Structure formats: C-alpha cells, structure tokens
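Overview (structure and organization)
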Amino acid sequence: MKFQDLDINSNIKRALDDMGIDTPTKIQSRAIPKLLDGGRTHVLAQAKTGTGKTLAFSIPITNQISPKQKTVQAVVLVPTRELCKQVYSVVTKLNKYRKLKTVEVYGGVSIDRQRKEIRNGAQIVIATPGRLMDLYRRKAISFRDVRFVVLDEADRMLDMGFLPDIKYILFDAMKGVSPRLLLFSATMLKQITKIARQFSNGERLVELNVSKDDITVASCKQYYYKIREAGQKYASFVTLLKMEQPKSSIIFVNTRRWGDKLKKRLIQEKGLNMRFSSLHGDKTQNQRERVLSEFRKENIDCLIATNVAARGLDIPHVTHIFNFDIPREGPEIYVHRIGRTSRMENEGKAISLVTDDQMKMIREIEKFMQKPIQRLYFSENQQITIQAKSKKSSNYGESKKKSSNYSGSKRKSSNYSGSRKKSSNYGGSKKKSSNYGGSKKKSPIAVPASD
Ligand SMILES: Nc1ncnc2c1ncn2[C@@H]1O[C@H](COP(=O)(O)OP(=O)(O)OP(=O)(O)O)[C@@H](O)[C@H]1O
Ligand SMILES: [Mg+2]
C-alpha cells in the first residue's frame, strides 16, 4: 500500500510527496485507517523508536480537521520543549498545502506571542502540558471544539510527573468535549492501559502493538562495557571514544551538573578531535534551541544530554548512543535513549558503561527487552572485542529471584513488563527497592528526571 492509495486529502498526499515519503510504515498502515473512520474509538499504539509514529497520528488528524473552522480542533501533548518544536515542524510540513493553522506552545519563552497566535485562529496546538494549562487558566485557549487529543510518549505523559496536568486538561478543561484520544509510544507499561481506560469515557480503546516480540530495532547493536572501578569510568570512556570515533553521538548522563562537567573535561581531552556541547534543563531556552539546532546541522559531533533528549528526538545522522550513566529511572528509558540512533533502519550502536554492581540493571534491561546486550572488551592493544553472550548470562526473562535493581519494591508501580505479557517479571518481586524509580515514590511508574 502507498499513501497515494489511502483515502486522504490530496493536499496531504502532495505534502508527503514533497517530504519524499510514499509508503506507510507498519504503525502508519495500522493506525491511519483506524483513525480515518470518523468513529469514536480511542487508540493506544505501540511501535518501535524511529518508525514514524508522528505521521501515524498527524496524518489522520490533519485529514479530519475542518480548514474552515478557525478554532482549536486538535491538541498534541508532548513531554519536552524540544519534542514540541520537532512535532510542530512535522505537522507544519504536512500542512504545506492544506494550510491548517498550527501553533507550538511550550515554556521558557514569552506566553504573549503564543496567546496571540492561538487567538488568530489556531486549529492544531502542539504543547507541553504546563504551558497549555497556563494558557487555559488565562482563558487564552478554548477546548470547546477539540476532537483529537494526542499523547505522544504516552507512558511518560501518564506517569506521575505529568499525570496531574493531563488529568486536569482531560477531565476539567475538556469536560463535556470528550475528544478522541490517541496514545503513542515505543514503550507501554501495564498501568498505562489502565489509566488510558479511565480517560476513554467508557468508549472502546483499541490497542495496536506492532512491536510485540521485540521492542527495540534490530539495526541498533547494543553493548555494555564493564568498568572495573568507578574511578576508571572517565578514562575508559575516553578510550572508547577514541576507538569508536563516532561520527555523531549522544552521551547520556543522569545529572545536569555532571553533564556540564563531562563536557568541560572532554573538550580539554587531547586527541579526541570532536566538537562537544551539552543539553539539559538548566540551560536557557535560547541555549537549548541553539545547541540542538547545531547538533542537527552536524556542527556539533557529540551531545552530552540528560533525559531531556531521551524521547522522541529524530536526528537521523546519530550513529552512537553512549550511556555514560545507566539510566536510573527504568528500563524503558534505556529503550528510548538508544532509540535516538538507528532510526528508519539506519545502522547504529548503543554502548552503556556499567560498574559491577550495576550489572543487575543491565540484566533488568535485557529482561524488559527480551534481548541480550553484548559485552565489549578492550584488548591489550586497545582493540575492542565483543563477547558472545554466554548461556548462563542470557537467561534474561527467566530468573525470578535475584532480579530487579529497577523495580523491586512493594509499589504497585514499575511493573516494567507493561503490555508485553510473558516477559519480565522484574517488577514482581517484593524485594529491595529500585534504583529505577525509587521505592519512596508514590508514582505508579518510574518518574524520569524532570527536565
Ligand atoms: N512512511 C515513511 N517513509 C519514510 N520515512 C518516514 C516515514 N514515516 C516517517 N518517516 C521518517 O522516519 C523518521 C522517524 O519518525 P518519527 O520521529 O515519527 O518516529 P517515532 O516512531 O515517533 O520515534 P520515537 O519513538 O523515537 O518518537 C522521521 O525522520 C520521519 O520523517
Ligand atoms: Mg515520536
């Protein structure tokens, strides 16, 4: 099937043609027809990173919205400002000929311009939740005619960090509107389906899962490198960078402060010959935009980032993801982080640095993905070698005992198995807690760092 064969507006087809896009991806061919039917069903869709979920929801909503009606008819909610700008850019390209007025709404910039743009007849609003609520409270936006609400990165949008805002928007601000809900992500936890049902108003929630047995892309080769002592981590990482010579990479760290420190040290390092910059929530909006734009233009080779860059960002030239720090929040964040490379079947590598006591987390991630991560070694002449997974270590998914540095705990939470049924009972154990979410949190799911 081609987009030309779909029953969508010819202006959308023309725009897709301009974008060089002719054949729908798996998730697009499943989701788009479901959403073109004008029915009342809500959709919860899971598909791997970099497989075109943005167009899977943008095409049907753009098609269904009335160009004549100059009111807000669709709201797309996303977790970060960077993703907001990116989705806005995709929807704008899609609207090149259809010309629906699309507005991006996010914090860190003047609210007045956004207010004005909405007043001037916004039809699609792409927003981060906080700023959208702010505009609503100031009566700068009306949801009266909203027919679609999209939660991109739905599992993130429905975790404790955002849930109160999302509940407010859907239950209070949109009371009486009952829009059609579209929830998309590469990872879905069990609780998400439950929470999504609460929002679906008793109407049918269709679950589409096109990544059932394998939630990460095969073109991303995944490795871990074991550090003997925590103190050697930086030196090992420098050796790794020298050997890998990544063309374009993102180095994930767990804290903003360390991100900046690491950047400084890497810049001073001799023999790396790479351009570094950092991206995190302590930067001004201006800096954040500039850094990302330079990285997109390949004027920066290596972006050191917190989880603010973990989800949704589409930068096709990224060849390497490094987890300098293994993510604390949960295995799903690992899946999103490494998903910044190997998009649309491009080849890529993900390498995570771990100390001995963090090996549990690697095992948890393997269980979550139902896939082994291979071990990398440096040999004496500083060559990288890869260890084939031994039988013993490849029992991810089996051990019910020792597990779970990621979930543990008696929280209802972090059943990281999500909708992937048979797998990963690393959430089930009632043991000691979770370096992935912290047992003290009330959160129903692990809460990623707040960027
Ligand atoms: N049908 C298609 N044919 C070719 N390229 C496509 C198609 N659909 C989308 N793309 C391209 O694929 C890339 C990834 O798309 P997108 O960002 O929507 O992925 P995603 O599934 O949302 O990933 P993530 O889970 O990381 O958010 C984009 O560069 C997009 O332009
Ligand atoms: Mg996406």
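What counts and what doesn't
- Residues numbered from 1 in each chain as written.
- Chains lettered and ligands numbered in written order.
- Predicted model: local features only at pLDDT ≥ 70, side-chain atom pairs only at ≥ 80, totals over all residues.
- Buried ≥ 20, exposed ≤ 12 C-beta atoms within 10 Å, placed from the backbone.
- Helix = DSSP H or I, 4+ residues; strand = E, 2+ residues; numbered from the N terminus.
- Pairing = 2+ DSSP bridges.
- Right-handed = clockwise from strand over helix to strand, strands pointing away.
- Axes fitted to C-alpha atoms, helices over the stretch in contact; angles between N-to-C directions.
- Parallel < 35°, antiparallel > 145°, perpendicular 65-115°, else oblique.
- Left-handed = near helix turned anticlockwise from the far one by under 90°.
- Contact = placed C-beta atoms within 7 Å.
- Nonpolar A, V, L, I, M, F, W, Y, C, P; charged D, E, K, R; others polar.
- Near = placed C-beta within 6 Å.
- Domains from an automatic or database assignment.

Quick look at the pairing of strand 11 (residues 302–305)
Residues Cys 302 and Ile 304 point to one face of strand 11 and Leu 303 and Ala 305 to the other, with burial holding for every one of them. Bridging between strand 9 (residues 249–252) and strand 11 involves 4 bridges; their strand directions are parallel. Counted as the bridge partner of Phe 252 is Ala 305 from strand 11. Pairing between strand 10 (residues 276–279) and strand 11: 4 bridges, direction parallel. What sits directly across from Phe 276, in strand 11, is Cys 302. Crossover connection from strand 10 via helix 12 (residues 285–296) to parallel strand 11: handedness right-handed.

Quick look at the packing of helix 3 (residues 53–64) against helix 4 (residues 81–94)
A pair of packed helices can be characterised by two numbers: the angle between their axes and the separation between those axes. Where helix 3 meets helix 4, the closest approach of the two axes is 10 Å, and the angle between their N-to-C directions is 45 degrees. The pairing of helix 3 with helix 4 is recorded here as oblique in orientation. The way helix 3 lies across helix 4 gives a crossing that is right-handed. Packed against helix 3, whose contacting residues are Thr 54, Leu 55, Ser 58, Ile 59 and Thr 62, the element helix 4 presents Val 87, Val 90, Val 91 and Leu 94 at the interface. A per-class count over the contact of helix 3 with helix 4 returns 6 nonpolar, 3 polar and no charged.

Things to note about the site of ligand 1
Near ligand 1 lie 20 residues; those nearest to it are Thr 49, Gly 52, Lys 53, Thr 54 and Asp 314. The element that contributes the greatest number of residues to the shell around ligand 1 is helix 3, accounting for 3 residues. Its residues assigned to classes, the shell around ligand 1 comprises 7 nonpolar, 10 polar and 3 charged. Looking at which domains feed residues into the shell around ligand 1, each of domain 1 (3–209) and domain 2 (220–434) gives three or more.

Digging into the sheet that holds strand 2 (residues 74–77)
Across the sheet, 7 strands lie side by side as 3-4-2-5-6-1-7; this open sheet has parallel pairing. Edge positions in the open sheet fall to strand 3 (102–105) and strand 7 (205–209), since each of these has one partner strand only. Recorded for the sheet is a direction-independent mean angle of 15 degrees between the axes of neighbouring strands. As paired strands, strand 2 and strand 4 (residues 124–127) are joined by 4 bridges and run parallel to one another. Note that in strand 4 the partner of Leu 77 across the bridge is Ala 127. Sheet strands touched by helix 9 (residues 190–199): strand 1 (42–46), strand 6 (180–185) and strand 7. Its angle to strand 7, the strand with the most contacts, is close to 150 degrees.

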